[in-house]
Amino acid sequence: MVDINYQDTLTDIYTRLLKKDNYGEPSEAFPVLSDVDTKKFGIHMTTIESENFSIGDANDRFSIQSISKVLSLTYALNLVGEKIWQRVRIEPSGSAFNSLVQLEYEKGIPRNPFINAGAIVICDILVSALSNPKQEMLNFIRSISGNENIDYCKATAEEEEKFAFRNYALANFMKSFGNIENKISQVLELYFYLCSINLSCQELSHTFLYLANNGVSPLTNLTVATPSQTKKINAIMQMCGLYDEAGEFAYRVGLPGKSGIGGGIVAVHPGKYVVTVWSPKLNKKGNSYRGINFLEIMTTETEISIF
Ligand code: GLN
């Protein structure tokens with residue numbers, strides 16, 4: 001295999017992209033997201049040998065939003081195991097992340113855990129399984145990242161709640177089919193708080209490293225998931241991590257990934273590294289325009305992806 005100088009690769013692609021036009025708009029879901037500085041651009045890669053490569057605004061924290069859906073799925077799998085698949089499926093949705101349409105004819109069972117409906121069901125499962133779901137999820141995220149500094153952003157969570165008409169609709173609709181066990185306010189509170197966490201590209205790469213290393217974080221030596229669960233989570237990221245752009249992401253980038261409307265994308269190369277990109281301008285599907293471009297150029301020019 002060619003020995004790649006990742007720092008040079010990151011720096012070179014970053015510099016080239018900075019000179020190119022950056023398209024799209026930041027999320028308009030609520031003010032915390034729309035008020036972001038759209039010039040921000042950061043990249044951080046951590047390998048399973050714990051090497052770190054960074055460029056741009058890689059240490060600035062941003063709202064991780066839907067990237068948190070991978071962490072809640074991981075913890076739900078830990079706690080409840082395969083039973084969760086009775087409540088949520090593992091198929092690509094082909095619809096927008098906050099779409100309601102499939103729930104009608106699929107009787108309240110969401111397509112996958114990485115669209116809003118699926119993540120809300122996962123939160124319901126966590127609320128049923130945990131005595132203090134918010135605190136225990138935070139402890140879990142702190143422990144897998146080796147970072148006690150991570151916290152919820154109350155202001156973001158409370159702001160999201162004010163604009164969350166669709167998420168309330170999804171939760172109510174699923175409850176009408178019997179697929180939400182707990183009080184909707186309690187389930188959505190956990191969901192909003194998980195979306196509210198601010199992390200940097202560096203912190204996200206560290207947090208997600210277990211997915212590149214068979215479930216064990218090389219930074220903390222903690223077993224976060226079994227090898228089999230890790231395979232499955234990566235597979236779902238590959239198929240569903242970028243909503244109705246997951247096919248195009250697989251085609252262009254060739255790595256499992258998870259995006260959020262804060263403009264972050266985490267991509268995993270199992271057995272090698274995690275790379276996180278942040279650029280707040282989103283394309284029409286709600287994914288970072290520059291983030292996808294960066295990852296596409298990186299896997300194309302290094303000729304290394306999972307395919
Ligand atoms: N908090 C956002 C929502 O619930 C997360 C969506 C996303 O990042 N795609 O709509």
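Keep in mind that what you see is a predicted model, and the values were worked out from it rather than measured.

Engineer: Would you mind showing me how to read the site of the ligand here?
Structural biologist: Near the ligand the following residues occur: Ala29, Gln65, Ser66, Phe97, Asn98, Asn116, Glu160, Asn167, Cys195, Gly260, Ile261 and Gly286. Within the shell around the ligand, the residues separate by chemical class into four nonpolar, seven polar and one charged. Split by domain, the residues of the shell around the ligand number at least three in each of domain 1 (6-28 + 35-65 + 198-302) and domain 2 (68-196).

Engineer: Please clarify how the sheet that holds strand 5 (residues 257-259) should be interpreted in this entry.
Structural biologist: Across a sheet, paired strands are connected by hydrogen bonds in the backbone, their directions being either parallel or antiparallel. Ordered in space as 2-1-7-6-5, the five strands form an open sheet in which the pairing is antiparallel. Looking along the sheet, the strands with just one partner apiece sit at the ends: strand 2 (52-56) and strand 5. Pairwise comparison of adjacent strand axes, ignoring direction, gives a mean angle of 10° for this sheet. Two elements, strand 1 (residues 42-47) and strand 7 (residues 273-278), share six bridges in a ladder whose sense is antiparallel. Bridging across to strand 7, methionine 45 finds its partner in valine 275. Contacting strand 1 and strand 2, helix 1 (residues 6-19) runs over the sheet at an angle of about 15° to strand 2.

Engineer: Explain the UniProt feature "binding site: substrate" (unreviewed entry) in the chain to me, please; I cannot follow it from the model alone.
Structural biologist: Summarizing the sequence annotation, UniProt attributes the feature "binding site: substrate" (unreviewed entry) to Ser66, Asn116, Glu160, Asn167, Tyr191 and Tyr243 in the numbering used throughout. Note that asparagine 116 resides in helix 5 (residues 116-129). Overall, asparagine 116 belongs to the buried group, with 23 C-beta atoms counted inside 10 Å. In this view, asparagine 116 contacts Phe97, Asn98, Asn167 and Leu170; residues no more than four positions away in its chain are not counted. Along the chain, tyrosine 191 falls in helix 9 (residues 184-196). In this view, tyrosine 191 contacts Ala119, Ile120, Cys123 and Asn167; residues no more than four positions away in its chain are not counted.

Engineer: So what exactly am I meant to see when it comes to the environment of isoleucine 115 here?
Structural biologist: Mapped onto the elements of the fold, isoleucine 115 is located in the loop between helix 4 (101-105) and helix 5. For isoleucine 115, a count of 25 C-beta atoms within 10 Å corresponds to the buried category. Remark: the alpha-carbon pair of isoleucine 115 and lysine 69, spanning 46 residues in sequence, is separated by 8.4 Å. What isoleucine 115 contacts, discounting residues up to four positions off in sequence, is Ser93, Phe97, Pro110 and Tyr243.

Rules used throughout
- Residues numbered from 1 in each chain as written.
- Predicted model: local features only at pLDDT ≥ 70, side-chain atom pairs only at ≥ 80, totals over all residues.
- Near = placed C-beta within 6 Å.
- Nonpolar A, V, L, I, M, F, W, Y, C, P; charged D, E, K, R; others polar.
- Domains from an automatic or database assignment.
- Pairing = 2+ DSSP bridges.
- Helix = DSSP H or I, 4+ residues; strand = E, 2+ residues; numbered from the N terminus.
- Axes fitted to C-alpha atoms, helices over the stretch in contact; angles between N-to-C directions.
- Contact = placed C-beta atoms within 7 Å.
- UniProt positions renumbered as here; feature names shortened; annotations may be inferred.
- Buried ≥ 20, exposed ≤ 12 C-beta atoms within 10 Å, placed from the backbone.

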